[in-house]
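Observations on chain architecture
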Amino acid sequence: MFETLYSGLPDSKGDTLPTSTRDVERLFLNAEVQNILYRVTKLDLDKVFHVRKQHLSNPVFKLMTEAELKKNQELALELAKEKLQMPPIMNQRKTISKILAHDPDLASIDMVKYVFTDISFGVKERDRFVVVREPDGELRYAGWEERDRMMQIYFPKEGRKQIPPRMFERPELLEEVLTRQNYEFVLDVACVQYEPDNPEYHRVVYRAYAHIEQTKSYDQLRSSRHFGCLTFYLTMHKKIDNLLVDMIQRNYLADAADTIRLYHIFHPECKSRAELHTLGTEPQALELVKLFAKTDSQKQGSLELALQSYEDLHEATAQAAQ
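Right, let's walk through the structure included here. Quantities reported herein were computed from a predicted structural model and do not represent experimental measurements.

1. Considerations on the packing of helix H10 (residues 227-236) against helix H12 (residues 253-266)
- At a closest axis distance of 9 Å, the pairing of H10 and H12 adopts a crossing angle of 55°. In terms of orientation, H10 lies oblique with respect to H12. When you trace H10 past H12, the crossing you get is right-handed. Judged by residue contacts, Thr231, Phe232, Thr235 and Met236 of H10 engage Thr259, Leu262, Tyr263 and Phe266 from H12.
- Residues of the contact of H10 with H12, tallied by class, amount to 5 nonpolar, 3 polar and no charged.

Laid out in structure tokens, this is it:
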């Protein structure tokens, strides 16, 4: 019923993604993109099931056979994969401004607006009619903020509040939380409070991503459901250099190569993709990163230094093993 047209996603410096040549929803749902984002997220069970603030309780111990232990480990792995399910990346929704009718006979009967909401059973939230009768007799579709308020009244979602958390309404509070590097908390709350095409969701989430990029705190989100979206954001904005350096320094060279493959999908006009044929049909991860450093990197010196350190370390390790 309501079409959404992507209108650019600003970061803290005012950068925006391309608006006419890209559809971020379609890119995000691309099977190859999803596979790459899942791989670079890295499934670390200790991080996925890290203990958050909770009420103290007595520990539970269970005696298991080898078969039972293996079965529970498989269940934990499946649960971890569910926890790493990324929030959807959607185009920013278009403003609703359609007027249905104007009835002068109803003007000035009351000084308040009347909102009429379809609460029929089994209707999708986006398909529900919500209309507003203005005091001057105008009948129009409800705006997104009005729709969200009505949906939360009639079909409340757990954890979502009618009045957003103060840190989302006061920039200085949000900056304070981000300075403490509580990134996962901010992103989790944003996912609960807003729909993924809400401009406020975009504002909060992309500010968090920009802060992570500024502080190079990528590992704070690694092995969480938000790391893939962070990688998507940085790759779309051509800001992957620091992320690549971080991956190389942590010995995640395959992840660095995957990120560059993602870069090639998003930016097929780039120089490294044009010269990819020089590496053969199946380029090695190290060679691919070197090619990117030589052609498309915005921080060539830092990336080449990280690569040199990586090669020196592996050469020393190989010599020690002999």
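2. Focus on the nonpolar core
- Among the nonpolar cores identified, the biggest contains 62 residues, and Phe232 and Ile248 are the most heavily contacted of them.
- Element by element, the count of residues in this core is highest for helix H9 (residues 199-215), at 8 residues.
- When neighbours within four sequence positions are excluded, Ile248 is seen to be in contact with Leu253, Ala256, Val289, Leu303, Ala306, Leu307 and Tyr310.

3. Description of unusual backbone geometry
- The phi dihedral of Ser108 falls on the positive side, at around 65°, and the residue is not glycine.
- The exposure class of Ser108 is exposed, given its relative accessible area of 61%.
- Backbone geometry at Lys238 places phi at a positive 60°, although glycine is not the residue there.
- Overall, Lys238 belongs to the partly exposed group, its relative accessible area being 32%.

How each quantity is defined
- Residues numbered from 1 in each chain as written.
- Predicted model: local features only at pLDDT ≥ 70, side-chain atom pairs only at ≥ 80, totals over all residues.
- Heavy atoms only, no water.
- Axes fitted to C-alpha atoms, helices over the stretch in contact; angles between N-to-C directions.
- Helix = DSSP H or I, 4+ residues; strand = E, 2+ residues; numbered from the N terminus.
- Parallel < 35°, antiparallel > 145°, perpendicular 65-115°, else oblique.
- Left-handed = near helix turned anticlockwise from the far one by under 90°.
- Contact = heavy atoms within 4.5 Å.
- Nonpolar A, V, L, I, M, F, W, Y, C, P; charged D, E, K, R; others polar.
- Core = buried A, V, L, I, M, F, W, Y, C linked by side-chain atoms within 4.5 Å.
- Buried < 20%, exposed > 50% of the residue type's maximum accessible area, 1.4 Å probe, protein only.

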